[in-house]
Amino acid sequence: MSTNITETTVQPSTELFIKMVVSNWELQNSRLNGLLDKLTDEAIAAETAPGRNSGVYLLGHLTAVSDGMFSYLGLGERLYPQLDQIFVKSPENSGLEKPSLAELKQYWAKVNEVLTERMNAMQPEDWFKPHSAISADDFAQEPHRNRLNILINRTIHQGYHIGQLVYLVKK
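These remarks concern the structure in this document. Fair warning: this is a prediction, and the values are worked out from it, not measured in the lab. (Residues numbered from 1 in each chain as written. Predicted model: local features only at pLDDT ≥ 70, side-chain atom pairs only at ≥ 80, totals over all residues. Heavy atoms only, no water.)

## As for the side chain of Thr48
As a reminder of what qualifies: A run of DSSP states H or I qualifies as a helix once it reaches four residues; a run of E qualifies as a strand once it reaches two. Both are numbered from the N-terminal end. Only heavy atoms enter the contact rule, under which two residues are in contact if any of them lie within 4.5 Å.
When you line up the elements, Thr48 lands in the loop between helix 2 (41–45) and helix 3 (55–72). Apart from residues lying up to four places away in sequence, Thr48 is in contact with Asn53, Ser54, Leu58, Gln164, Leu165, Tyr167 and Leu168.

Structure representation (structure tokens):
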């Protein structure tokens with residue numbers, strides 16, 4: 001038997017895999033929180049690039065999308081469903097009234113606090129159940145379209161927008 005680590009076969013547990021995915025989601029939240037702490041309100045209100053969304057809009061968008069995970073993951077009612085019309089279904093320049101930046105920061109913190117609490121209470125088998133937006137027939141054909149996949153997708157989505165928000169940091 002070789003002692004070379006590259007030749008060792010490891011069978012990761014379901015719990016380990018779930019922990020890896022959840023911890024990456026939490027890491028992205030931490031990164032966004034750190035970025036928000038660095039930015040002034042004026043910087044967050046600015047466009048990330050000429051003609052692009054502002055930091056305020058992106059924070060509202062990320063809050064609305066994370067809030068939507070309550071439904072997708074079967075974790076109860078959404079906290080702020082009113083944000084969808086403003087930050088998911090409409091562009092920034094729609095003329096719709098937006099919550100203040102202070103309110104958005106509170107919403108962001110609350111969504112992630114409650115979402116983390118509820119996700120931590122999920123059993124490993126819950127993560128591999130269908131999410132709420134897939135039919136039973138489609139899930140039978142594509143079982144990878146499960147709740148854990150939603151979290152992976154939302155983690156990637158969040159990272160994309162963090163990449164945009166970084167442009168608001170003054171060098």
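## Overview of helix 7 (residues 147–165)
For clarity, the cut-off: For a helix, the expected span equals 1.5 Å multiplied by the residue count minus one. For every residue, the accessible area (1.4 Å probe, protein chains only) is compared with the maximum for its type, and the residue is labelled buried under 20%, exposed over 50%, or partly exposed between those bounds. Polar contacts here mean pairs of N or O atoms no more than 3.5 Å apart (in protein, one a potential hydrogen donor and the other a potential acceptor; neighbouring residues in sequence count only if both atoms are side-chain atoms).
Between its first and last C-alpha atoms helix 7 spans 27 Å; for 19 residues at 1.5 Å apiece the expected length is 27 Å, and the two agree. If you check which residues of helix 7 are buried, you get Arg147, Leu148, Ile150, Leu151, Arg154, Thr155, Gln158, His161, Ile162, Gln164 and Leu165. Where helix 7 is buried, its residues contact helix 1 (14–38), helix 3 and helix 5 (101–120). Measuring from the backbone nitrogen of Leu148 back to the side-chain oxygen at the start of helix 7 gives 3.1 Å, which picks out Asn146 as the cap.

## Examining the environment of Arg52
Among the structural elements, Arg52 can be located in the loop between helix 2 and helix 3. Separated by 112 residues in the primary sequence, Arg52 and Gln164 place their C-alpha atoms 9.3 Å from one another.

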